[in-house]
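One letter stands for each residue in the lines below.
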Amino acid sequence: MPESDLTWLSMLLFLPAVCAAGLLIFPPKWTEAMRWWAVFGAAGTLSISLCVVVGYYNLLDSQLDANGKPGYSVHTRLDARADKAASDAAQPTPRTLQSADWVARRPWLARIDSQYALGVDGISLPLIVLTALVTLMAVVASWKIEESVRGYLALLLILETGVIGAFLALDFFLFYVFYELMLLPMYVLIGLWGGGRRRYAAIKFVIYTLFGGVCILVAMLALYSVNVRDFVDQGVVTQKAEDLARREQITVESARAQVEVRTFDFVTLAKAGRAVMLILSGQEDRLAVKTKVSEEPSKGDDPTKVKLFAPGVDRQVAIERLKAQPICTTDFQYLVFALLFIGFAVKVPIVPLHSWLPDAHVEAPTPVSMILAGILLKLGGYGLIRVAFPVCPWAAAELAWWVGLIGVIGIVYGALVAMGQTDFKKLLAYSSVSHMGFVVLGLASWGSAANSQYWQWGIDGAMFQMVSHGITASALFFVVGVVYDRAHHRDINRFGGLKEPMPLYAGMSAILFFASMGLPGLCGFVGEFCVLLAAWNFSPALAIPAVLSVILTAGYILWTWQRVYLGTNQETQKFPELSPREAVVLLPFAVLAIALGVLPSVLLFNWMDPSVSGWIENMAVLKK
C-alpha cells in the first residue's frame, strides 16, 4: 500500500516546480495561457495545502492525551511521529509505513546519512498555507508583467517550491538545499524585473543572504560531527556494527563499541542539544532512558526525569560519551547558536543586518515585494524556532535576554525610521523590520517549567505575528503597487485624496492599515498582545519599550493614512477605481485580516497550539 502522506507532501512540494517546467511547452506568444497555467499551479498548491490541513486535523483528533482529550497527545507531536517513523524503518524487517502520520522518510544521500525527510506540524503548516496563498495572489498580481513572462512566472513557481521545501524538511541538509534554492530566483526576479537600481539591490540581497547561508552551513557541518548513537533507534547501531564487523573482520561486540552515528535529522539533533543543556546546567541526574519510542506520561513517572536516550541505551555510558564530545562544551554551544542565529536573523531581518531589505523592496516589482515581505522573512523566524533554539538550547537560554533586546531594538528602530520615510515602499520595509522584531522578542521570552505558560504565549504570539504580518505586509505592498500603476511614483507627500476617486480601494486599504497598526479586532493585535504578555513576565525592561513602540506604530500608520487617502488632490481625482483583478487580490487579504482578528482560535490557534505546547514542554523543562 503506498504511503499516502508521502504522496500528498511530495505533491505539495513539487507541483509548483512541475508547473514551472510545464511553461516550457507554451509557444512564446501564448502569454495569456502562461499566466493562467501559473494560476492553476499556484491554486493547485493552495488546494493541496488545505487538504494537508484537513489531514493534520484528523491526526490530532485520532489520538487522546493522558487526560483523554484529543489534540494534545504526545503521539501526535512532530518529534514523536518522526522518531516512530525512523524506528520503524530501522527494524531488521521494516514495519508497515504509516499513511496518516504526516511524516515521510526515504533514503537520499546514503553516504552522508541524509534523507528525503518531510513532515508537518502546527508550526510549519500555517506558514505553508500562507506561502501558497501569497504566491497565488502574487501570480494574479503579475498580470501586467509583459517582459519575459515565461521566465518570470517560472521563477515565481520555483521560488514557491524552495520555500515550501524549507518548511517541510526534517533533514538539515535537505532544509539547507531548499533554503539556498530560493536565492537564485529572487536574485533574478529583482535583477531583471526591478526598478532603476535593481542590480545594486539584487547584488546586495545576494551578499547578505549568502553571508547568512554560510553561517548556517558552518553550523550544520559542526552539528554533523556529533556522534548521536545514543539518541537513535539501536537497530541503526546494530546494523552499522554488523556492517563494520564484516568489513573489518572483527567481532560484532568490538565493532559496536566503535560505531559512530552522524545525522542531519532535526529531531535527533534537538534531543542531543537538550541532553547537553541538562549536563552543562548541572542537571545530568535528570537524564533518563526511554522505555518506548513514544509514550504518554503516566502517574508513576518521576516528573523531574527527562527521557532523551533511546530505549536499550546504557544511561551512564551514554552520558560519558556525550561529555567527551565538543558539543558538550560551552564554546561549541555559543559558537553554533551564534552562527545559526545570525544566519536566520539575516532573513528576519534584525538590526543591523536589515539594510538589504529596503533596497530590495524599493527595486523589486510589486508581486516580488509581496513574496519577499509575506513569505521570505518568515523563513528567518521559522529557522530560529525549528533549528536554532531546539538544537542549542543551553546557549539560547543563556543569551535569551540579549536575543530579546535585539528584538526590541528592531521594533523601536524600525518604527522610528518608518516614521521618517516619504517613499511608500521604504516605509513598509522598515515597518516589516519593526513587526518582525516581535517574533524575536516572543521567542526569547524563555520561562522555566513553572512559568512555561508565559513562554507559550510568546511562541504562540510569534507564530501568529508571522502569519498576520504575512497577510498585511503582502497586501500593503500590493496597495502601493495599485497606486504606483496610476501615479507612477511612490512619494507619500504627493498623494492625498485617494478615498474620493477610489472608495473601494481606500476601504480595503483602511482594513489592512489598521490591521498592521494592531487595532483590536484585526489580525495584527493578537500576535503582538501575546508577545507583550510573555515579554512582561520575562523582563519588564524589555516589555516597556516594546509596548511604547505601539505609539510609534500608530503614529506612522495614521500619518501615512492621512497623507495618502484624506483631503483633496487634483492630481489624483481622475485615478480609476480598483479593477476586478486588483479587487480579487486585495479581498482575500482584507477578509483574513478581519477573520483572524475575530476568530483567532478557530482559524489558527486550535491546530497550531498543540505543536507549540509540545515544543514548550520539551524546552521549558530544561530550565531550573
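Everything below is about the structure shown above.
For clarity, every value in this text was computed on a predicted model and none was experimentally measured.

**Details of the overall build of the protein chain**
And then number 1: Assigned secondary structure in the protein chain consists of 24 helices and 4 strands.
And then number 2: Against the 2.2 N^0.38 benchmark of 25 Å for 624 residues, the protein chain shows a C-alpha radius of gyration of 25 Å, consistent with a compact globule.
And then number 3: With the C-alpha coordinates aligned to their principal axes, the bounding extent of the protein chain is approximately 90 × 60 × 45 Å.
And then number 4: Split into buried and exposed, the 624 residues of the protein chain put 62% on the buried side.
And then number 5: Residue pairs at least 24 apart in sequence account for 80% of intrachain contacts in the protein chain once pairs closer than 6 positions are excluded.
And then number 6: Within the structure as shown, the protein chain displays about 23,200 Å² of accessible surface, and the carbon and sulfur contribution to it stands at 64%.
And then number 7: Of the side chains in the protein chain, 47 bear a positive and 47 a negative charge, and the two mean positions are spaced by 4 Å.

**Considering the side chain of T560**
And then number 1: One can find T560 in helix α22 (residues 540-565).
And then number 2: At a separation of 2.6 Å, a polar atom in the side chain of T560 contacts the main-chain carbonyl oxygen of Y556.
And then number 3: For T560, the residues in contact, after removing those within four places along its chain, are F424, L427, I492 and F513.

**Re the pattern of salt bridges**
And then number 1: In the structure shown here, the tally under the stated rule is 16 salt bridges.
And then number 2: Put simply, R246 and D243 hold a salt bridge, and the shortest N to O gap is 2.4 Å. Placement of the pair is R246 and D243 together in helix α9 (residues 234-248), with a separation of 3 residues, close to one helical turn.
And then number 3: You can call R246 exposed: its relative accessible area is 52%.
And then number 4: We classify D243 as partly exposed; its relative accessible area is 28%.
And then number 5: Among the salt bridges present, the one from K323 reaches E284, with a minimum N-O distance of 2.7 Å. Here K323, found in helix α12 (residues 315-323), pairs with E284, found in the loop between α11 (266-280) and β3 (287-289); they are 39 residues apart in sequence, far enough to count as distant.
And then number 6: Taken together, the shared-partner salt bridges connect E32, R35 and E146 into one network.

**Remarks on the packing of helix α14 (residues 356-363) against helix α18 (residues 424-444)**
If you want to describe how two helices pack, look at the angle between their axes and the distance between the axes.
And then number 1: Orientation of α14 relative to α18, taken along the N-to-C sense of each, is 140°, at an axis distance of 9 Å. When the axes of α14 and α18 are compared, the pair comes out oblique. Relative to α18, α14 is oriented so that their crossing is right-handed. For the pair α14 and α18, the contacting residues are L357, P358, H361 and V362 in the first and K425, K426, A429, Y430, S432 and V433 in the second.
And then number 2: For the contact of α14 with α18, the per-class residue count stands at 6 nonpolar, 2 polar and 2 charged.

**Quick word on the environment of V39**
And then number 1: Within the secondary structure, V39 is located in helix α2 (residues 31-62).
And then number 2: Residues V39 and V391 lie 352 residues apart in sequence; the distance between their C-alpha atoms is 38 Å.
And then number 3: Not counting chain neighbours up to four residues away, the residues in contact with V39 comprise L136, V139, V140 and W143.

**Re the packing of helix α17 (residues 400-419) against α22**
And then number 1: The geometry of α17 relative to α22 is characterised by a closest axis approach of 9 Å and an angle of 20° between their N-to-C directions. Here α22 runs roughly parallel to α17, going by the angle between their axes. Both α17 and α22 take part in a crossing whose hand is left-handed. Contacts from W401, G404, L405, V408, I411, V412, A415, L416, A418 and M419 in α17 reach L542, P545, A546, S549, L552, T553, G555, Y556 and W559 in α22.
And then number 2: Across the contact of α17 with α22, the residue classes break down as 15 nonpolar, 4 polar and no charged.

**What about helix α13 (residues 330-345)?**
And then number 1: With 16 residues, α13 should reach 22 Å at 1.5 Å per residue; the first-to-last C-alpha distance of 22 Å fits that figure.
And then number 2: Within α13, the full set of buried residues consists of F332, Q333, V336, F337, L339, L340, F341, G343, F344 and A345.
And then number 3: Those residues of α13 hidden inside the fold are in contact with α6 (172-181), α8 (198-224), α11, α15 (366-391), α16 (393-398) and α17.

**Describing the side chain of D359**
And then number 1: Following the sequence through the fold, D359 ends up in helix α14.
And then number 2: Not counting residues up to four positions away in its chain, the partners in contact with D359 are R197, Y200, A201 and K204.

**With respect to the state of the cysteines**
And then number 1: For the structure shown, the criterion picks out 0 disulfides.
And then number 2: No disulfide involves C392; its sulfur sits 12 Å from the nearest other cysteine sulfur, which is in C328.
And then number 3: On the basis of relative accessible area, C392 is assigned to the buried category, the value being 0%.

**Observations concerning the pairing of strand β1 (residues 103-109)**
And then number 1: With 6 bridges connecting them, β1 and strand β2 (residues 114-119) associate as antiparallel partners. By the bridge assignment for β2, P107 is matched with Q115.

**A look at empty space enclosed by the protein**
And then number 1: Scanning the model with the defined rule gives 4 cavities of 30 Å³ or more in all.
And then number 2: Forming the boundary of the largest cavity are 18 residues, of which L78, D79, R386, W615 and N618 lie nearest the centre.
And then number 3: For the lining of the largest cavity, the secondary structure elements donating two or more residues are α3 (78-90), α11, α15 and α24 (600-620).
And then number 4: Counting residues per element, the lining of the largest cavity draws most heavily on α24, which supplies 5 residues.
And then number 5: For the lining of the largest cavity, the residue count by class is 10 nonpolar, 3 polar and 5 charged.
And then number 6: In this structure, the second largest cavity encloses a volume near 60 Å³.
And then number 7: If you list the elements that add at least two residues to the lining of the second largest cavity, you get α18 and α19 (452-487).
And then number 8: Examining the composition of the lining of the second largest cavity, we find that 5 residues originate from one element, α19, more than from any other.

**Notes on α11**
And then number 1: Taking 1.5 Å per residue, 15 residues should reach 21 Å; α11 reaches 21 Å between its end C-alpha atoms and fits that length.
And then number 2: Among the 15 residues of α11, 14 are classified as buried, and the element is accordingly described as predominantly covered.
And then number 3: At the exit of α11 stands G282, carrying a positive phi of roughly 70°.

**Let's talk about a nonpolar patch on the surface**
And then number 1: On the surface, I594, V598, L599, V602 and L603 cluster together into a nonpolar patch covering about 410 Å² of accessible area.
And then number 2: Its relative accessible area of 42% is what places L599 among the partly exposed residues.

**What about the nonpolar core?**
And then number 1: Counting residues in hydrophobic clusters, the biggest one holds 218 residues, and the most contacted among them are F172, Y505, F589 and W615.
And then number 2: Formed by 10 residues, the second largest nonpolar core is a distinct cluster that contains V408, L542, A543 and A546.

**What to know about unusual backbone geometry**
And then number 1: Omega for the peptide link from V348 to P349 comes to -10°, which places this bond in the cis form.
And then number 2: Mapped onto the elements of the fold, P349 is located in the loop between α13 and α14.
And then number 3: Cis geometry is adopted by the peptide bond preceding P352, which originates at V351 and carries an omega value of 15°.
And then number 4: Turning to its location among the elements, P352 is positioned in the loop between α13 and α14.
And then number 5: For D113, which is not glycine, the phi torsion reads 60° and is therefore positive.
And then number 6: Locating D113 in the fold gives a position in the loop between β1 and β2.
And then number 7: A relative accessible area of 30% places D113 in the partly exposed class.
And then number 8: In this structure, S148 is a non-glycine residue whose phi angle is positive, near 50°.

The rules behind these values
Residues numbered from 1 in each chain as written. Predicted model: local features only at pLDDT ≥ 70, side-chain atom pairs only at ≥ 80, totals over all residues. Heavy atoms only, no water. Helix = DSSP H or I, 4+ residues; strand = E, 2+ residues; numbered from the N terminus. Rg over C-alpha atoms; globule rule 2.2 N^0.38 Å. Buried < 20%, exposed > 50% of the residue type's maximum accessible area, 1.4 Å probe, protein only. Contact = heavy atoms within 4.5 Å. Areas by Shrake-Rupley, 256 points an atom, 1.4 Å probe, with all protein chains shown as cover. Lys, Arg positive; Asp, Glu negative; His and termini not counted. Charge placed at Lys NZ, Arg CZ, Asp CG, Glu CD. Polar contact = N/O pair within 3.5 Å; in protein donor to acceptor, adjacent residues only side chain to side chain. Salt bridge = Lys/Arg side-chain N within 4 Å of Asp/Glu carboxyl O. Axes fitted to C-alpha atoms, helices over the stretch in contact; angles between N-to-C directions. Parallel < 35°, antiparallel > 145°, perpendicular 65-115°, else oblique. Left-handed = near helix turned anticlockwise from the far one by under 90°. Nonpolar A, V, L, I, M, F, W, Y, C, P; charged D, E, K, R; others polar. Expected span 1.5 Å × (residues − 1). Disulfide = S-S within 2.5 Å. Pairing = 2+ DSSP bridges. 1 Å grid on protein atoms, 1.4 Å probe; cavity = no way out; pocket = protein on both sides within 12 Å on 5 of 7 lines; lining within 4 Å. Points joined across faces, edges and corners; volume = space filled by probe spheres on them. Patch = residues over 30% accessible without salt bridge, like charges linked within 9 Å, V, L, I, M, F, W, Y side chains within 5 Å. Core = buried A, V, L, I, M, F, W, Y, C linked by side-chain atoms within 4.5 Å.

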